[in-house]
Structure formats: structure tokens, C-alpha cells
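# Descriptive structure summary
Each chain, letter by letter, is given below.
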Amino acid sequence: MSFEKIVDIIVDTVHCKPEDVKPESELAALGVGSLEAITVIFELEEAFDIEIPNEVIPSIVTVNDILTRLEEARQ
Amino acid sequence: MSRSVVISGLGVISAAGQDVPAFWDSLKSGRSAIRPMQPAVDGVKITTAAQLQDYQPEEHFSAEDLSLLDRYAQMAVIAAREAVADAGLAKDDAALAGAAAIVGSGCCAKNTDEDTCIQLYQKERKRVHPLTIPKGMPSAAASMVSYHLGIKGPAFVLSSACSSGSHAIIQGMSMISSGMADVAVVGATDAPFTFGLLKSWDALRVVSADTCRPFSKDRSGLILGEGAAMLVLESREHAEQRGATIYAELAGCGMSSDAGHITRPDVEGISTAMTQAMQQAGIAAGELDYINAHGTGTQLNDATETQAIQRVLGEHAENVAISSTKAIHGHALGASSALELVATALTMKHGIIPPTVNYSEADEECPLDYVPNSAREQTVDTAISNSFAFGGLNAVIALKKIK
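A quick note: this is a predicted structure, and the numbers were derived from the prediction, not measured. (Residues numbered from 1 in each chain as written. Chains lettered and ligands numbered in written order. Predicted model: local features only at pLDDT ≥ 70, side-chain atom pairs only at ≥ 80, totals over all residues.)

### Some words on the overall build of chain B
What chain B contains, in helices and strands, is 14 helices and 14 strands. Its C-alpha radius of gyration of 20 Å places chain B within 12% of the 22 Å reference for a compact globule of 403 residues. Taken along its principal axes, the extent of the C-alpha atoms in chain B is 65 × 50 × 40 Å. Among the 403 residues that make up chain B, the fraction classed as buried is 58%. A sequence separation of at least 24 residues applies to 80% of the contacts in chain B between residues at least 6 apart. (Helix = DSSP H or I, 4+ residues; strand = E, 2+ residues; numbered from the N terminus. Rg over C-alpha atoms; globule rule 2.2 N^0.38 Å. Buried ≥ 20, exposed ≤ 12 C-beta atoms within 10 Å, placed from the backbone. Contact = placed C-beta atoms within 7 Å.)

Below you can see the structure in the form of C-alpha cells.
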């Protein structure tokens, strides 16, 4: 469920193909630059009612990293 | 027609000092004006800022005047009054009657805009104050500077985010150089502490959680500031004829646009503007004494600016003194570049380079001389002031001491 929502957010932000968004995909390779990254994080915070602090953003490189941070934020 | 343009008056109102002497004292002492936000704003992550302390508008303006003065226009008028007095001029002097008044601002009258929105949309009032338009129009600061100082030449506000001040100063310089005006009162103002703007800066995730550390490895973002700086520019001939005290010659300017990423600075664009300014001023790489850097304290800006300095100056990059005064007066957005040109003119006058404060750790990406933490006594005959704006708008001004 979370993964599908993340895929939706990334696709809506950078207009890539949904099938290209895999857990191991690097965000930069999908077209997520610095501005797209803060947009994706904003949408994640809205969708999951969480807060992702600035300090953790540099550690988010792959889609899997988003899932990890999401789990951390929910705990 | 191309005439030499000089700076003959300075005026400042800033968190780091509400007039030029107080501002200079903070700069040379390396005393940062960054403090906890007052009042703290609920729902905003930004907790520190460089705000005016104990500022009382009533000490500067009548109640009638204040009904037309947004905070950003108040500060522009206060700084312009000081600059004009410093130049030995007074309201309604003939020299001012034909002068230009050009004011830069990134945010303009946002305080009035947001107050109006709160009244209408939150409090559901049926009416707005009848002076909302003249008080809140983006051009109000130029009108108010004109009105309060009897300036009757060309007057307008221009906006180019964090380069607004430099663009306004360059516009005044061009008018004087071309013969369109003999005198110009130029600079910039910004008052960005509104709830909407604070929320918007929060969302962009470039504001530091604690403080501004330009060029230091542990830098974590910019710190917002507010204020205004205005300068009196005039043709060298005009200044000398009336026996004005000259701070420096505005010897060159460079302007470029990145046409690229909306927030990421670009080495090419920055280098182009720096090179133009130095070439116009006739300053060779090895002759440049000081750079007042844009130096916002974000990871990206400071590394990119350093690369541009290395590209433009080559082997001389290691010999030039560079400082960012933003850790002292905060990033007052459009006003910053005007505050920093005043800082640069004062540096040349006093022979003291203000430090880059809060510098704690060398960064391999920023390996130059940033005058860390303590001011340095050094003769400065040539200097540039760098300004780079979101949207890729770069403006650089070169100053030379007149001997």
C-alpha cells in the first residue's frame, strides 16, 4: 500500500513510467532532482501524516530509502 | 557618454545596526544579529532570524505617515534619509529634485498583503482599509523615498529576489553614467517576516535550524534577515564640484542569467557576471583585494561560488580575502546585496575586512581565505560584491578606491 502510494507520488511529480519505479531505483535516475525531492517529501508528509526532517533528506537515495524513512517516521 | 560614478552617501537599517555606525560596529566586531525569533511563530519550524531589535516606527514617522508605510517602505525611507544626510544633502535640495530613486525588493509590501488577506479570508471582514492599495503596491517604497526626500526624477521599484539591491544600484549607476541623472538614491529593502513567507521558506528546506555558517563544512542553510540599505550615487564630476566625501568609485558591474535551474546556482552564470564587473572596472585577477561573497551558508551556494571565484581568478583565488557578512546581518533577501555593498564601501574606507563568523570547520570544497571569525586590518583598494538570486539572476558590482 505504502509502496504503491510512493510510486504514485513520484510519477505525479516527475512524470516517469510507473513500471520504472522499483524499490532499488535511484531517485536521481528517475528524474528526482533537488526541487522534485522536496516536492516528493512534501507529498509524502501530506499523504502519510508524518514529518520528515531536513537532516535525513541527504540519506534518501533510492525508493527503498523512502520506505525505510516512512517506517521510521511512523514509529 | 560614459561618466565615472561614485558613492557619496550610505544609509542602513538592519538587525546588525539601525544606522551606519552601529552596522559597521557589528561588522568589524563580527557580532552576529541572529537571535531566537521574536515573537516565536506557532506552526513554523524557523526558530532563529536576524530581526530589527527594539524598532519603533513612531520614532521615525508620524501616525499619518505610517498609515501609508508598509514595513518594507519604512525601512527604505529610514536608510535613504541617512544616506542623503551622509552625502551632505537635504530634502528638497536642487541636487535631489532631479535625482533618481530606485529601490530593490524581493518581497515588497507582503506585510500589507498578508494583513489584508487575514482581514478578508480569516476574519471575514467585509471591507479593507481605504489605503490598502497605495500602502501595499509593490512600488510603494520608491514613492515613499521620493515623497519623504523631495526626489523628483525617475523613481521605481525593481525586483530580482536576492539580487534586487545590486540590480537597483546598477540601474542608478547606468542612469548617471549615461547622463540621464547626476544623482541617484539607490538600494533595497525587505521585510520578510510574515506568516506566509515563513511557511514558504520552511517548505523550501533551505533555512538552517540554528545559525548561518558560510563556507564552513558544517553549514546547514541560510538565516532570514530584514532591513534596508540605501546609497547616494552621483557622477564623479558632480560630487567633486560640490566637495562631497567620496567612499569609492562604482567602477564596474556584471549581470547574467542562468536560464537553467530555478534554485541551483550555476558556475557559468556567476563567473560571467564576476568577469564582466572586473573587466569593466579594469581590475585584473591579481589586483582584486576583497570579495564580499553572496555566501548564504547553504551547501550548494558556497561551494558553487567558490568554484566561480577559482575559475575567474585562477591562481590568484587563494590570495584574495573573501567574507560573507550574512552570518552577521542575516539574509535580508533583496536588501542583502545593498547591505553588502555598504559593507564593502565601509571595508574600503576603514581598511578593515569584516569576518565570516560562525566558521568552525574547513571544507575541501571551499579551500579559500574566508577571513574566518576575526576581522582583518588590510588596505582594500579594489573589491567586488557578489549577489545571486533564485531564478538564476546574478549581479556583481566592482568598487575601486579613488586616490
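### Considering the domain arrangement of chain B
All names here are of chain B. Structurally, chain B comprises domain 1 (5-241) and domain 2 (251-400). Just the C-alpha atoms count here: the centres of domain 1 and domain 2 sit 21 Å apart. Residue-level contacts link 59 residues of domain 1 with 54 residues of domain 2. Only β1 (5-14), α1 (20-29), α8 (164-178), β6 (183-190) and β7 (227-235) provide two or more residues apiece to the side of domain 1 that touches domain 2. The leading source of residues in the side of domain 1 that touches domain 2 is α8, at 7 residues. In the side of domain 1 that touches domain 2, the residues fall into 29 nonpolar, 22 polar and 8 charged. (Domains from an automatic or database assignment. Nonpolar A, V, L, I, M, F, W, Y, C, P; charged D, E, K, R; others polar.)

### Some points on helix α5 (residues 110-122) of chain B
Residues and elements named next belong to chain B. The set of residues buried in α5 consists of Lys-110, Asn-111 and Thr-112. Against α3 (71-86), α6 (132-136) and α9 (195-204) lie the buried residues of α5. Among the residues trailing α5, Glu-124 stands out with phi positive, at a value near 55°.

### Comments concerning the packing of α3 of chain B against helix α7 (residues 140-149) of chain B
Packed helix pairs are specified by the crossing angle of their axes together with the interaxial distance, meaning the distance between the axes. All names here are of chain B. Between α3 and α7, whose axes approach to 9 Å, the crossing angle comes to 40°. In terms of axis orientation, α3 runs oblique to α7. In this structure, α3 meets α7 at a crossing whose hand is right-handed. For the pair α3 and α7, contact is made by Tyr-72, Ala-73, Ala-76, Val-77, Ala-80, Arg-81 and Val-84 and by Ala-140, Ala-141, Met-144, Val-145, His-148 and Leu-149, respectively. Residues belonging to the contact of α3 with α7 are distributed by class as follows: 11 nonpolar, 1 polar and 1 charged. (Axes fitted to C-alpha atoms, helices over the stretch in contact; angles between N-to-C directions. Parallel < 35°, antiparallel > 145°, perpendicular 65-115°, else oblique. Left-handed = near helix turned anticlockwise from the far one by under 90°.)

### Observations regarding the environment of Ser-174 of chain B
All names here are of chain B. Among the secondary structure elements, Ser-174 is positioned in helix α8. Residue classification places Ser-174 among the partly exposed positions, given that 16 C-beta atoms sit within 10 Å. When the C-alpha positions of Ser-174 and Asp-266 are compared, they lie 26 Å apart, and in sequence the two are 92 residues distant.

### Describing the confidence of the model for chain B
Residues at a pLDDT of 70 or more form 100% of chain B, whose mean pLDDT is 97. For this predicted complex, the interface score ipTM comes out at 0.82, while the overall pTM is 0.95. (pLDDT = per-residue confidence, 0-100.)

### Here we look at the packing of helix α11 (residues 267-281) of chain B against helix α12 (residues 299-313) of chain B
Residues and elements named next belong to chain B. Here α11 crosses α12 at 50°, and the two axes come no closer than 9 Å. When the axes of α11 and α12 are compared, the pair comes out oblique. Of the two possible hands of crossing, α11 and α12 adopt the one that is right-handed. On α12, the residues touching Val-267, Ile-270, Ser-271, Met-274 and Thr-275 of α11 are Thr-304, Glu-305, Gln-307, Ala-308, Arg-311 and Val-312. Grouping the constituent residues of the contact of α11 with α12 by class yields 5 nonpolar, 4 polar and 2 charged.

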